[in-house]
Structure formats: C-alpha cells, structure tokens
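# Breakdown of the fold
Chain by chain, the residues:
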Amino acid sequence: MQAAHTAGDVASSPALIVVHGIGRQQLGDTLHQVACGLLDVCGGAQLLDASGAAIAAKDIRERQLDRASLRQGSFVLRLYEVYWADLLPDDLVHDSFNKFNFEEVTWFGWLNWRAGLLPADAYPRWLVVLRTLQLWSLQIFASLALEVLIGFSKIRSTVLDQTVADVWHYVHSLGGELKAGSPLQGRSEQVLDRLEATWKAAAADGAGAVHLMGHSLGSVVAYHGLVRRLPATAVQRLVTVGSPLEKVCFLWAKLFPAGPAWAGDWLNVLSPADPVSGWLKRFDASGTQRVVNRRLWGLGGYGEAHVGYFRDPRVMGDVAAALGASVDGGSFEGS
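Reading the values: rules and limits
Residues numbered from 1 in each chain as written. Predicted model: local features only at pLDDT ≥ 70, side-chain atom pairs only at ≥ 80, totals over all residues. Heavy atoms only, no water. Axes fitted to C-alpha atoms, helices over the stretch in contact; angles between N-to-C directions. Helix = DSSP H or I, 4+ residues; strand = E, 2+ residues; numbered from the N terminus. Parallel < 35°, antiparallel > 145°, perpendicular 65-115°, else oblique. Contact = heavy atoms within 4.5 Å. Nonpolar A, V, L, I, M, F, W, Y, C, P; charged D, E, K, R; others polar. Buried < 20%, exposed > 50% of the residue type's maximum accessible area, 1.4 Å probe, protein only. Patch = residues over 30% accessible without salt bridge, like charges linked within 9 Å, V, L, I, M, F, W, Y side chains within 5 Å. Areas by Shrake-Rupley, 256 points an atom, 1.4 Å probe, with all protein chains shown as cover. Salt bridge = Lys/Arg side-chain N within 4 Å of Asp/Glu carboxyl O. Pairing = 2+ DSSP bridges. Right-handed = clockwise from strand over helix to strand, strands pointing away. Phe/Tyr/Trp six-rings, centres within 6.5 Å; stacked < 30°, edge-to-face > 60°.

## Here we look at the packing of helix α8 (residues 187-204) against helix α9 (residues 217-228)
Viewed as axis vectors pointing N to C, α8 and α9 meet at an angle of 70°, and their least axial separation amounts to 10 Å. Here α8 is positioned roughly perpendicular relative to α9, judged by the angle of their axes. Contacts from Val191, Leu192 and Leu195 of α8 reach α9 at Val221, Ala222, His224, Gly225 and Arg228. Of the residues in the contact of α8 with α9, the class split is five nonpolar, two polar and one charged.

## Side note on the environment of Phe250
Relative to the helices and strands, Phe250 resides in helix α10 (residues 245-251). Classification of Phe250 by relative accessible area gives buried; the value is 8%. In this structure, the C-alpha to C-alpha distance between Phe250 and Arg131, residues 119 residues apart in sequence, is 9.5 Å. Sequence-distant contacts of Phe250, that is, excluding residues within four places in its chain, are made with Phe108, Gly109, Asn112, Leu118, Tyr123, Val128, Arg131 and Leu135.

## Considering a nonpolar patch on the surface
Taken together, the side chains of Trp107, Leu111, Val129, Leu133, Trp136, Ile140, Phe141 and Leu144 present a nonpolar region at the surface, about 810 Å² in accessible area. It is helix α6 (residues 125-149) that provides the largest number of residues to the nonpolar patch, a total of six residues. Position of Val129 relative to the elements: it lies in helix α6. With relative accessibility at 32%, the residue Val129 sits in the partly exposed group.

## Here we look at the pairing of strand β6 (residues 210-215)
For β6, the buried fraction is high: six of the six residues fall into the buried class. What you see with β6 is no split at all: Val210, Leu212 and Gly214 on one side and His211, Met213 and His215 on the other are buried throughout. Sheet topology note: the strand β1 (residues 15-19)/β6 ladder contains five bridges and is parallel. For Ala15, the partnering residue across the bridge sits in β6 and is Val210. Pairing of β6 with strand β7 (residues 237-241) involves five bridges; the strand directions are parallel. In the sheet register, His211 faces β7, and the bridge partner there is Arg237. One crossover worth recording links β6 to the parallel β7 by way of α9, and it is right-handed.

## Observations regarding the packing of aromatic side chains
Considering all chains together, one arrives at six aromatic pairs under this definition. Aromatic pair Phe108 and Trp252: ring centres 6.2 Å apart, planes at 75°, arrangement edge-to-face. Placement of the pair is Phe108 in helix α5 (residues 108-114) and Trp252 in the loop between α10 and β8 (265-270), with a sequence separation of 144 residues. Using a relative accessible area of 12% as the deciding quantity, one classes Trp252 as buried.

## Some details on the pairing of β8
Taken across its six residues, β8 has five buried, putting it largely inside the fold. Pairing analysis gives five bridges linking β7 to β8, with the strands arranged parallel. Paired with Arg237 across the bridge in β8 is Asp265. Direction of pairing for β8 relative to strand β9 (residues 292-295): parallel, over a ladder of four bridges. Following the sheet pairing, Leu267 is matched in β9 by Val292.

By themselves these figures say nothing about function.
Here is the structure:
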C-alpha cells in the first residue's frame with residue numbers, strides 16, 4: 001500500500017474502491033483507467049497523489065500507484081485499487097489450465113439444482129435444462145478449439161494459464177476444491193484480505209461514504225468481500241461492470257449462501273456485445289434489495305465491449321454523479 005492521503009484532503013470525502021478482473025495487469029493499471037474515465041466527465045477535475053501533489057493520469061500507471069485523489073473545486077474523491085494479480089504469479093499457475101475442468105462445469109448448474117442449492121422459484125426446471133444444454137453445446141466447440149490452443153505454448157501461458165484459469169483458481173480456492181498441498185490453497189482468501197485491507201485504509205484516511213466497483217471477475221471478488229469480510233454498513237454502493245456473477249452463482253452456487261446482511265445500492269452495467277456480462281435478474285444481495293441492471297450499447301464489437309466500461313462516459317458519468325462530483329453530460333438511456 002502507498003502512504004495515506006495527507007495534504008489537501010477533505011474529511012469525510014467519499015471513496016471509490018476498484019477491483020480488477022482476470023489477467024496479468026500491473027499495479028495501477030485499473031486505477032489509471034478509472035481515473036481517465038472520471039477526468040473525461042468531471043470538468044475542471046485534477047488528480048493528486050498520496051502527498052497531495054498534482055499528477056497526470058499516466059503517473060498512476062507509471063508509478064504503479066494504488067491510490068490517488070480526484071479534486072474538483074472543494075469536492076475530493078479518494079480512489080483506491082484492490083490489486084491481486086501478483087497473488088497468481090506465472091510460475092505458480094504454469095500449466096494449471098485444465099480443459100477437463102472447463103468441460104465439467106457444463107453439468108454444475110444441473111447438479112446444483114438437484115442438490116437444492118438453486119432455489120426452484122428463481123431457477124425452474126425448464127431454465128436449468130435450457131442452460132445446461134446451452135453449456136453442453138458451447139463446450140463441444142470450445143473443447144475442440146482448446147485442443148488446438150493448448151498446443152501453442154505462448155497461448156497456453158498467456159491466455160489460458162494466466163488469464164482464463166484465474167476463474168478456476170479463485171473459485172476452487174474459495175470453495176476448498178484444491179488438492180492437498182496445492183500452492184493455490186488460500187489464494188482467494190488472500191485476495192479478499194487485500195480488499196478488506198483497502199477498505200480499512202480508506203477508513204483510516206477518513207473517507208466518508210465508500211463505493212465499491214468491480215470489473216469482470218473483480219465483481220465476484222467485490223461481492224464476496226462485501227458479504228464475507230466487511231461490516232454490513234461498510235459500503236454504500238456496489239457497481240458491477242462486465243460482471244459474470246449470475247453465471248458464477250449458477251455454476252458454483254455453494255459460494256453464494258443465501259441471506260447476506262448487506263442491503264446497499266447496486267448498479268450492474270452490462271453490454272449485449274460482452275459475453276462475460278449478464279443481467280442479474282435472479283441475483284440478489286440481501287433477499288430484498290433489487291439490483292438495478294442497465295444495458296449499454298456502443299462499447300465495441302463482440303468481446304471488445306468487455307474492456308470498454310471504464311472509458312465510456314455514460315458509465316463513468318453516472319458513477320461520478322452518484323459519488324457527488326459535478327458531471328459534464330454522460331448518462332444512460334434505456335434500461
């Protein structure tokens with residue numbers, strides 16, 4: 001962690017904690033994207049480092065900062081990144097992707113439903129059968145492609161072991177599904193440790209309302225940190241973008257016990273061109289809190305949209321406005 005904010009901070013200023021997704025990004029990469037997105041929609045805003053000195057957005061990435069502040073007049077927003085990619089170093093995950101794990105998940109939803117882990121009112125039999133058939137069809141084509149890709153060492157290393165396999169590393173570690181002695185034991189808890197430590201750092205800095213934002217697998221980490229580690233009133237708002245939460249809950253239902261205490265605001269942003277994201281229609285944080293889903297067009301082509309949320313002014317405009325900043329345009333249209 002960097003040193004705490006000192007110069008020029010406003011007591012009780014809000015905080016935005018961001019959790020990155022899969023892949024081997026460097027410390028500060030995601031925070032840099034968020035800062036750029038906020039600067040685009042917050043006229044007259046300026047970035048400050050932990051000492052209160054003015055910095056450019058690129059300094060966050062180049063100096064590998066995990067925190068900064070955005071000042072706009074008398075308004076100050078504290079920004080934090082939960083960085084966890086270093087917990088899955090290349091040597092640890094080498095040759096860890098197993099295509100048979102991918103094939104097995106085809107039947108997880110059905111087995112979860114049969115075991116009573118998926119409520120029948122939210123997941124009727126016809127829906128579970130339909131999703132299982134869809135997954136079965138998908139895995140046939142995916143398995144054929146993987147047979148080819150695994151043969152290329154560079155693709156195996158950078159795309160499969162270091163990126164796609166992060167999902168299995170996280171859920172298997174969190175669910176206790178690893179072999180005895182596996183070096184991945186406890187890694188997911190270490191990821192959640194990072195999130196909890198970042199929240200404590202924000203509290204120690206005197207932050208006011210805390211908002212939590214997760215991208216891709218980072219949204220799953222954010223949710224688990226919210227309901228497993230943090231006090232019920234620790235976070236005012238959760239923002240999930242490009243989130244696979246619905247899919248992960250369907251396949252690994254035991255990682256999502258019913259009835260967590262948190263009941264804050266929840267905005268979920270998805271794109272029809274993003275195959276990872278999903279409408280959180282059957283996913284609920286508290287049993288009473290309705291998730292606000294917003295579908296977003298215009299983020300790019302199929303798949304490209306998954307990495308476009310932070311640079312879209314409609315997303316960042318709504319996030320900035322919710323945090324209390326003055327926003328120049330940028331809002332969602334439709335639902």
